[in-house]
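Tertiary structure, described
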Amino acid sequence: MEVSTLKLGILVSGRGSNLQAIIDAIREERLDADIKLVVSNRSKAVAVERARAANVPVQCFRAKDFSDRECFDGAVVEALQEAGAEWVILAGFMRLITPVLLNAFEDRIINVHPSLLPAFPGLKAQEQAVQYGVKVAGCTVHFVDEATDGGPVIGQRAIAVNDDDDADSLAERLLVEEHRLLVDVLAALSEDRIELDPQPPESGTGSRRRVHVKR
Ligand code: GRF
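Reading the values: rules and limits
Residues numbered from 1 in each chain as written. Predicted model: local features only at pLDDT ≥ 70, side-chain atom pairs only at ≥ 80, totals over all residues. Heavy atoms only, no water. Patch = residues over 30% accessible without salt bridge, like charges linked within 9 Å, V, L, I, M, F, W, Y side chains within 5 Å. Areas by Shrake-Rupley, 256 points an atom, 1.4 Å probe, with all protein chains shown as cover. Salt bridge = Lys/Arg side-chain N within 4 Å of Asp/Glu carboxyl O. Lys, Arg positive; Asp, Glu negative; His and termini not counted. Charge placed at Lys NZ, Arg CZ, Asp CG, Glu CD. Buried < 20%, exposed > 50% of the residue type's maximum accessible area, 1.4 Å probe, protein only. Near = heavy atom within 4 Å. Polar contact = N/O pair within 3.5 Å; in protein donor to acceptor, adjacent residues only side chain to side chain. Helix = DSSP H or I, 4+ residues; strand = E, 2+ residues; numbered from the N terminus. Arc of directions from axis to C-beta. Contact = heavy atoms within 4.5 Å. Core = buried A, V, L, I, M, F, W, Y, C linked by side-chain atoms within 4.5 Å. Phe/Tyr/Trp six-rings, centres within 6.5 Å; stacked < 30°, edge-to-face > 60°. Disulfide = S-S within 2.5 Å.

On the surface, a cluster of negative charge is contributed by Glu127, Asp163, Asp164, Asp166, Asp168 and Glu172. Taking the relative accessible area as the measure of exposure, Asp163 reaches 78% and is therefore exposed.

Encoded structure:
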């Protein structure tokens, strides 16, 4: 099995527990990756402290310093490329990204979302799940394309929703699964076990590019 060290750029906005899961997996040699740069759009995010504590390079970009989203993303792309990042992980990055970032890292951007997509895209997915009354919830790691939370699915994990769950309790249990799934997907990536079809298998609105994960 060919293993290559993944060169990661990780985009964050908040608590950074997914970032921490990646840091821990690398440290414990469960994941062959090198975090080239952490980018945050919030300088006070806990994620920034976590990066610093782990001696990982981190840069903060404030939206108000840029005239529009494209300029913001242009600066992020430049920083990621300069740092040598080859893959971009959206780990709780609370900004919509533009084609500037998508095109610079085509098919190399991965997001973790706290629902079983395509159910409950967007914000507060766990709250949406509880409000809907679903009995099974989960998380998804997927390639990012121009549709919000809409790119090809790489992996999913499901858990039961309990009668007494609220959005917080569900989010807490889902987070554990997110961390495992994200690290597993990155490990598969570093082992060259993930293949993304260049095209959907057939034409038609429901047909999507598929991801194959080799065991
Ligand atoms: C996670 O639930 C992730 O799925 C969502 O935002 C949250 C980020 O958590 N996109 P953290 O910042 O990694 O702790």
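Let us look at the site of the ligand. All residues adjacent to the ligand are Arg15, Gly16, Ser17, Asn18, Gly92, Val112, His113, Pro114 and Glu178. Here Arg15 contributes a side-chain N or O atom positioned 2.6 Å from an oxygen atom of the ligand. The contact in question runs from an oxygen atom of the ligand to an N or O atom on the backbone of Gly16, over 2.8 Å. Bound to the protein, the ligand loses 87% of the 360 Å² it would expose on its own. For the shell around the ligand, the secondary structure elements donating two or more residues are helix 1 (17-27) and strand 5 (109-113).

Our focus in this paragraph is helix 2 (residues 46-53). Ala47, Val48 and Ala51 are the residues of helix 2 that are buried. Angularly, the buried residues of helix 2 cover 100 degrees about the axis, an arc narrow enough to put them on a single face. Facing away from the buried surface of helix 2 by more than 90 degrees, the exposed residues are Glu49, Arg52 and Ala53. On the buried face of helix 2, the contacting elements are strand 1 (6-12), helix 1, strand 2 (33-40) and strand 3 (58-60). Where helix 2 terminates, the next one or two residues include Asn55, which has phi positive at roughly 60 degrees.

Moving on: helix 5 (residues 125-132). Along helix 5, the residues classified as buried are Ala125, Gln126 and Ala129. For helix 5, the angular spread of buried residues about the axis comes to 100 degrees, placing them on one side. Each element contacted by the buried residues of helix 5 is listed here: strand 5 and helix 6 (167-190). Positioned one or two residues after helix 5, Gly133 has a phi angle of 85 degrees, which is positive.

For the rest of this paragraph, the subject is the nonpolar core. Within the largest apolar cluster, 39 residues are counted, with the highest numbers of intra-cluster contacts made by Leu8, Ile10, Leu19, Ile22, Val38 and Leu186. Of the residues forming this core, the biggest block, eight residues, is contributed by helix 6.

So, about the pattern of salt bridges. Any two side chains of opposite charge can pair, so long as their charged atoms come close to each other. This structure, assessed with the given rule, holds 11 salt bridges. Measuring nitrogen to oxygen at the nearest pair gives 3.0 Å for the salt bridge that ties Asp65 to Arg62. The exposure class assigned to Arg62 is partly exposed, which follows from its relative accessible area of 44%. Put simply, Arg209 and Asp107 hold a salt bridge, and the shortest N to O gap is 2.9 Å.

As enumerated under the stated definition, the model contains four aromatic pairs in all. Residues Phe61 and Phe66 carry aromatic rings whose centres are separated by 6.3 Å and whose planes lie at 45 degrees to one another, so their mutual orientation is tilted. Overall, Phe66 belongs to the partly exposed group, its relative accessible area being 24%. Here the aromatic cluster, defined as three or more aromatic residues joined through ring pairs, consists of Phe61, Phe66 and Phe72.

Attention now moves to unusual backbone geometry. Most peptide bonds take the trans form, and the phi angle of most residues other than glycine is negative. In this structure, Pro118 follows Leu117 across a cis peptide bond, with omega equal to 15 degrees. Position of Pro118 among the secondary structure elements: in the loop between strand 5 and helix 5. Although it is not a glycine, Phe120 adopts a positive phi angle of roughly 55 degrees. Looking at the secondary structure, you find Phe120 in the loop between strand 5 and helix 5.

So, on to the state of the cysteines. What the rule picks out here adds up to zero disulfides. In this structure Cys60 is a free cysteine whose sulfur lies 19 Å from that of Cys71, the closest cysteine sulfur available. Residue Cys60 is classed as partly exposed on the basis of its relative accessible area, which comes to 32%.

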